[in-house]
Amino acid sequence: MNGIRNGLGILGFLMLTQVSAQESLILFTIERSLNEDQIVYFLHLDENGLLRKENPISLKWLDNEKTGQLVPVNWIKKNFGYDVEILSHEGDRLTFKFVSYDKKIFTLKKDHFGNYSVFAKINERVMKIRHIYLEIDGGSFWKPNITEVAVMGFHELANTRIKETFNP
């Protein structure tokens with residue numbers, strides 16, 4: 001999991017960077033063992049600072065291996081792998097899951113500081129999600145063999161980091 005250390009450094013840089021003046025803010029990243037590229041998830045707010053009704057979350061690749069730039073995720077990887085499916089959207093809170101994995105539910109809401117963040121249960125406690133790491137060992141394009149998932153989070157009140165590792 002050497003990639004996790006590298007990913008967290010990149011994540012730290014990204015978390016300090018507002019990507020555009022359109023209120024597109026970084027929520028979290030996914031890193032895979034296949035290469036140094038990452039999937040970056042963005043929050044989109046409307047002109048009033050509320051979650052946009054349409055497409056409140058989007059994603060792009062951070063192409064670390066070639067250009068170091070954010071690039072669009074192709075249709076296949078987006079619709080069958082990394083995109084999110086919104087389960088409910090009420091006011092300033094929404095719940096979602098990944099299109100490729102429905103066993104973990106995530107909630108986008110304001111944290112104790114009034115900033116939008118993604119939360120999920122990690123080791124039976126609700127934590128702020130920062131990074132997800134996928135260990136992939138072979139398989140095929142349509143069905144990669146994901147041997148381990150590590151979800152890294154932060155408990156803001158206790159000021160502690162926590163990680164949950166599981167086999168999907």
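Structure's up top.
Residues numbered from 1 in each chain as written. Predicted model: local features only at pLDDT ≥ 70, side-chain atom pairs only at ≥ 80, totals over all residues. Heavy atoms only, no water.

Which residues make up the side chain of Arg32, and what are the values?
Checked against the element boundaries, Arg32 lands in strand E1 (residues 24-32). Although Arg32 lies buried, it forms no salt bridge, and the closest oppositely charged side chain, Asp37, sits 5.1 Å away as judged by the N-O distance. A distance of 3.4 Å separates the side chain of Arg32 from the side chain of Asn35, its partner in a polar contact. If we ignore the near neighbours within four places in the chain, the residues touching Arg32 are Asp37, Ile39, Trp61, Tyr82, Tyr133, Leu134 and Ile136. (Helix = DSSP H or I, 4+ residues; strand = E, 2+ residues; numbered from the N terminus. Buried < 20%, exposed > 50% of the residue type's maximum accessible area, 1.4 Å probe, protein only. Lys, Arg positive; Asp, Glu negative; His and termini not counted. Salt bridge = Lys/Arg side-chain N within 4 Å of Asp/Glu carboxyl O. Polar contact = N/O pair within 3.5 Å; in protein donor to acceptor, adjacent residues only side chain to side chain. Contact = heavy atoms within 4.5 Å.)

Explain the packing of aromatic side chains to me, and be specific about the residues and the numbers.
For the coordinates displayed, the defined rule picks out 11 aromatic pairs. Here Trp61 and Tyr82 contribute two aromatic rings whose centre-to-centre distance is 5.7 Å and whose plane-to-plane angle is 75°, an arrangement assigned as edge-to-face. Taken together, the residues Trp61 in strand E3 (residues 57-63) and Tyr82 in helix H2 (residues 75-82) connect sequence positions 21 residues apart. Across this residue pair, the class does not change: Trp61 and Tyr82 are buried. Centroid distance Phe141 to Trp142: 5.3 Å. Interplanar angle 90°. Geometry classified as edge-to-face. Residue Trp142 is classed as exposed on the basis of its relative accessible area of 58%. Taken together, the ring pairs connect Phe28, Tyr41, Phe96, Phe98 and Phe106 into an aromatic cluster. The side chain of Lys109 reaches across the aromatic face of Phe119, ending 4.9 Å from its centre. (Phe/Tyr/Trp six-rings, centres within 6.5 Å; stacked < 30°, edge-to-face > 60°. Lys NZ or Arg CZ within 6 Å of the ring centre and 35° of its normal.)

So what about the environment of Phe106? Which residues, and what values?
Here Phe106 is to be found in strand E7 (residues 101-110). By relative accessible area, Phe106 is classed as buried at 2%. Separated by 23 residues in the primary sequence, Phe106 and Ile129 place their C-alpha atoms 8.8 Å from one another. In this structure Phe106 touches Leu94, Thr95, Phe96, Phe98, Val118, Phe119, Ala120, Ile129 and Ile132, once residues within four positions along its chain are discounted.

Can you lay out a nonpolar patch on the surface for me, pointing to particular residues and giving the numbers?
A contiguous nonpolar surface patch, about 630 Å² in accessible area, is contributed by Trp75, Ile76, Phe80, Phe141 and Trp142. Considering the arrangement of structural elements, one finds Ile76 in helix H2. Owing to a relative accessible area of 31%, Ile76 belongs among the partly exposed residues under this scheme. (Patch = residues over 30% accessible without salt bridge, like charges linked within 9 Å, V, L, I, M, F, W, Y side chains within 5 Å. Areas by Shrake-Rupley, 256 points an atom, 1.4 Å probe, with all protein chains shown as cover.)

Give me the lowdown on the pattern of salt bridges, citing residues and values where you can.
For the structure shown, the criterion picks out three salt bridges. A salt bridge links Glu85 to Lys97, with the nearest nitrogen and oxygen atoms 3.1 Å apart. You can see Glu85 sitting in strand E5 (residues 84-90) and its partner Lys97 sitting in strand E6 (residues 93-98), a full 12 residues away along the chain. According to the relative accessible area criterion, Glu85 is partly exposed, its value standing at 37%.

Tell me what's going on with unusual backbone geometry, and back it up with residues and numbers.
Most peptide bonds adopt trans geometry, and most residues besides glycine take a negative phi value. With a phi angle near 50°, Asn55 is a residue other than glycine that sits in the positive phi range. Counting through the fold element by element, Asn55 comes out in the loop between strand E2 (38-44) and E3.

Function cannot be inferred from these measures alone, as they are strictly geometric.
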